[in-house]
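# Inside the fold
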Amino acid sequence: MTNLIRYKMLSTEEVSEDRRIHVFDMQQQQKLSFNYESLKRTPENYVGEELSDFLQKRKLKIDNGFYDKKGHAS
């Protein structure tokens with residue numbers, strides 16, 4: 001069985017003491033934007049296991065701003 005990637009990271013931007021994350025949900029065909037710190041405090045069952053897992057795997061890139069539309073690989 002093949003696992004399909006549901007989310008694609010579009011960009012991050014620095015906001016006061018945090019990052020705003022922009023992703024594309026390929027299943028729902030819509031862009032999502034959210035505050036990263038507040039999402040980490042949200043219960044996982046509310047956030048969704050797939051999105052939570054996706055962000056956890058990309059935490060280092062998010063924390064270091066590798067999706068900041070500056071030519072970094074995503």
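Up top is the structure.
Residues numbered from 1 in each chain as written. Predicted model: local features only at pLDDT ≥ 70, side-chain atom pairs only at ≥ 80, totals over all residues. Heavy atoms only, no water.

A few words on the pairing of strand β3 (residues 30-35). Sheet topology places strand β2 (residues 18-25) next to β3; 6 bridges connect them, and they run antiparallel. Of the residues in β3, the one forming a bridge with Ile-21 is Phe-34. The turn joining β2 and β3, which pair antiparallel and follow one another in sequence, is formed by 4 residues; a positive phi near 55 degrees is taken by Gln-29. (Pairing = 2+ DSSP bridges. Helix = DSSP H or I, 4+ residues; strand = E, 2+ residues; numbered from the N terminus.)

Turning to the side chain of His-22, a few remarks are in order. By the element assignment, His-22 lies in strand β2. Excluding residues within four positions of it along the chain, His-22 makes contact with Lys-8, Met-9, Leu-10, Ser-11, Glu-13, Leu-32 and Ser-33. (Contact = heavy atoms within 4.5 Å.)

Another aspect to go through is unusual backbone geometry. In this structure, Glu-17 is a non-glycine residue whose phi angle is positive, near 60 degrees. In this fold, Glu-17 is placed in the loop between β1 (7-15) and β2. The phi torsion at Gln-29 lies on the positive side, around 55 degrees, for a residue other than glycine. We classify Gln-29 as exposed; its relative accessible area is 57%. (Buried < 20%, exposed > 50% of the residue type's maximum accessible area, 1.4 Å probe, protein only.)

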